[in-house]
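These are the residues of each chain, in order.
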Amino acid sequence: MTCLIIKSGSAEVMGEWKALFAKYAPGLRVAGWNDPDIRPEEVDFALVWEPDPGRLAQMANLRAIISSGAGVDHITADPSWPRHVPLVRMGTDDATVQMGDYVTWAAFSLLRPTRQWFLRQQRHEWHNDGQSAPTSTETCVGVMGLGNLGTHVAQRLVRAGFAVRGWSRSPKDVAGVECFHGDGQRREFLGQTDILVSLLPATGETRGLINRELLSCLRAPAALISVGRGTQVVEEDVLDCLDRGILSGAVMDVFATEPLPASSPLWAHPRVIVTPHVAAEASRAARARYTADVIASVMKGHAPKLLYLPERGY
């Protein structure tokens, strides 16, 4: 019997996982990460988030590893992860829609002094600055990263009325979006961007990419929406750009250290909105359905769609 082992969520949710897979993949043997009745060589598929280093390498008959989230760096950080086994990124429809919802909300929030209004509400202050605000049609949003999530987000922003441009490492063609690619076109992409959305994958090239130098290339005063990976953003540089007027605001959902330490100045900054890594949270039902589809595809000898490619880094 085909066996799936799961490390995603607490041990208390294994009952829910088993019920979901009984619905979407009847006949599949489903086990928890620390199930004593499962021998490593019996495991065919693994659905994981932050697996213990070395554990996947012990599973000699693995046919695929499925990340429980969109990123895979929590798996590839293990030096011993089995590189010969297909590694598949999570790509549920509901998470994609949620990301579009979140970024659209964030973009509209950054058009107005939303954070200031909230702080004044806490102080019971009625104060109108009397300043006109830019509209969506006057604002250009630049999306860095035009993969599955980035493409959806860019198209959603177009429908919301924003002018949208996108940047990716390789050429892309997205309807309604002005597309740029490669290092040679990055500065041109940034130069007319009012709100920057970071949706790049976590690779060696993107680590620390969102820094003072890059942010200074935006059309100041610009704004930042950070929803990719926290390691891409130099938080000290974001704070510096906010204080110097290079950035007018930021909505940040991902951080280099999570949970965000209580000592971080981002929490209290008057022009920063902090959310706790919630931009796109796929339901367990959606992840189970997606995983069942991946398993069925692999069993038929087909390559999964969102396959991690080591040479590309995502």
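From a predicted model like this one, the values you see are computed outputs, not experimental measurements.

### Concerning the sheet that holds strand β5 (residues 87–88)
Hydrogen bonds between backbone groups are what pair the strands of a sheet, and the pairing can be parallel or antiparallel. Reading across the sheet, the five strands line up as β2-β1-β3-β4-β5 and stay open at both edges, with parallel pairing between neighbours. In this open sheet, the two strands that pair with only one neighbour each are β2 (29–32) and β5. In this structure, strand β4 (residues 64–67) lies alongside β5, joined through two bridges in parallel fashion. Directly across from Ile66, in β5, lies its bridge partner Val88.

### Considerations on the sheet that holds strand β12 (residues 272–274)
Strands sit in the order β8-β7-β6-β9-β10-β11-β12 across an open sheet of seven strands; the sheet is parallel. Since the sheet does not close on itself, it has two edges, and those belong to β8 (178–181) and β12, each with one partner. Ignoring strand direction, the axes of neighbouring strands in this sheet form an average angle of 15°. Across three bridges, strand β11 (residues 247–252) lies against β12 in parallel orientation. Paired with Met252 across the strands is Val274, a residue of β12. Relative to the sheet, helix α3 (residues 93–111) contacts β9 (195–198), β10 (222–226), β11 and β12, its axis offset from that of β11 by approximately 155°.

### Details of the UniProt feature "domain: D-isomer specific 2-hydroxyacid dehydrogenase NAD-binding" (unreviewed entry) in the protein
The feature "domain: D-isomer specific 2-hydroxyacid dehydrogenase NAD-binding" (unreviewed entry), as annotated in UniProt, sits at residues 106–279 in this numbering. Helix makes up 29% of residues 106–279 and strand 19%, with an end-to-end C-alpha separation of 10 Å.

### Here we look at the nonpolar core
Across soluble globular proteins, you tend to see nonpolar side chains buried next to one another. Residues Met144, Leu196, Leu215 and Leu247 are the most contacted members of the largest nonpolar core, which totals 28 residues. The element that contributes the greatest number of residues to this core is helix α8 (residues 235–244), accounting for four residues. Contact partners of Met144, with chain neighbours within four places excluded, come to Trp167, Arg186, Phe189, Leu196, Val197, Ser198, Leu199, Leu200, Leu209, Ile210 and Leu214. The next biggest cluster of nonpolar side chains, apart from the first, holds 26 residues, and it includes Met99, Ala106, Val164 and Ile225.

### Comments concerning α3
Counted at 1.5 Å a residue, the expected span for α3 with its 19 residues is 27 Å, and the 28 Å between its end C-alpha atoms agrees. Taken residue by residue, α3 has Ala95, Thr96, Met99, Gly100, Tyr102, Val103, Thr104, Ala106, Ala107, Ser109, Leu110 and Leu111 as its buried positions. Looking at the buried positions of α3, the neighbouring elements they touch are α4 (114–122), α5 (148–159), β9, β10, β11 and β12.

### Comments concerning the packing of helix α1 (residues 14–24) against helix α9 (residues 284–299)
When two helices pack together, their arrangement is given by the angle between their axes and by how far apart the axes lie. Interhelical geometry of α1 versus α9 gives an angle of 45° and a closest axis separation of 9 Å. Taken together, the axes of α1 and α9 lie oblique to each other. Crossing of α1 over α9 shows right-handed handedness. Note on element contacts: α9 touches α1 through Arg284, Ala285, Arg287, Ala288, Arg289, Thr291 and Ala292, opposite Glu16, Trp17, Leu20, Phe21 and Tyr24.

### Side note on the environment of Asp94
For Asp94, the location among the structural elements is in helix α3. The spacing of Asp94 and Gln58 is 36 residues in sequence and 33 Å in space, taken between C-alpha atoms. At 2.8 Å, the side chain of Asp94 forms a polar contact with the side chain of Thr92.

### Overview of the state of the cysteines
Scanning the model with the defined rule gives zero disulfides in all. Sulfur of Cys140: no disulfide; nearest cysteine sulfur belongs to Cys179 and is 12 Å away. Note on Cys140: relative accessible area 8%, which makes it buried.

### A few points about the side chain of Thr203
For Thr203, the location among the structural elements is in the loop between β9 and α7 (212–215). The contact partners of Thr203, leaving out residues within four places of it in the chain, are Arg312, Gly313 and Tyr314.

### A few points about the packing of aromatic side chains
According to the stated counting rule, one finds five aromatic pairs in the structure shown. Ring centres of Phe108 and Phe162 lie 5.1 Å apart, and the angle between their planes is 55°; on these two criteria the pair is classed as tilted. With Phe108 in helix α3 and Phe162 in the loop between α5 and β7 (163–168), this residue pair connects regions lying 54 residues apart in the sequence. Judged by its relative accessible area of 5%, Phe162 is buried. The positively charged end of Arg55 is found above the aromatic ring belonging to Trp33, 4.3 Å away from the centroid.

What counts, and at which threshold
Residues numbered from 1 in each chain as written. Predicted model: local features only at pLDDT ≥ 70, side-chain atom pairs only at ≥ 80, totals over all residues. Heavy atoms only, no water. Pairing = 2+ DSSP bridges. Helix = DSSP H or I, 4+ residues; strand = E, 2+ residues; numbered from the N terminus. Axes fitted to C-alpha atoms, helices over the stretch in contact; angles between N-to-C directions. Contact = heavy atoms within 4.5 Å. UniProt positions renumbered as here; feature names shortened; annotations may be inferred. Core = buried A, V, L, I, M, F, W, Y, C linked by side-chain atoms within 4.5 Å. Buried < 20%, exposed > 50% of the residue type's maximum accessible area, 1.4 Å probe, protein only. Expected span 1.5 Å × (residues − 1). Parallel < 35°, antiparallel > 145°, perpendicular 65-115°, else oblique. Left-handed = near helix turned anticlockwise from the far one by under 90°. Polar contact = N/O pair within 3.5 Å; in protein donor to acceptor, adjacent residues only side chain to side chain. Disulfide = S-S within 2.5 Å. Phe/Tyr/Trp six-rings, centres within 6.5 Å; stacked < 30°, edge-to-face > 60°. Lys NZ or Arg CZ within 6 Å of the ring centre and 35° of its normal.

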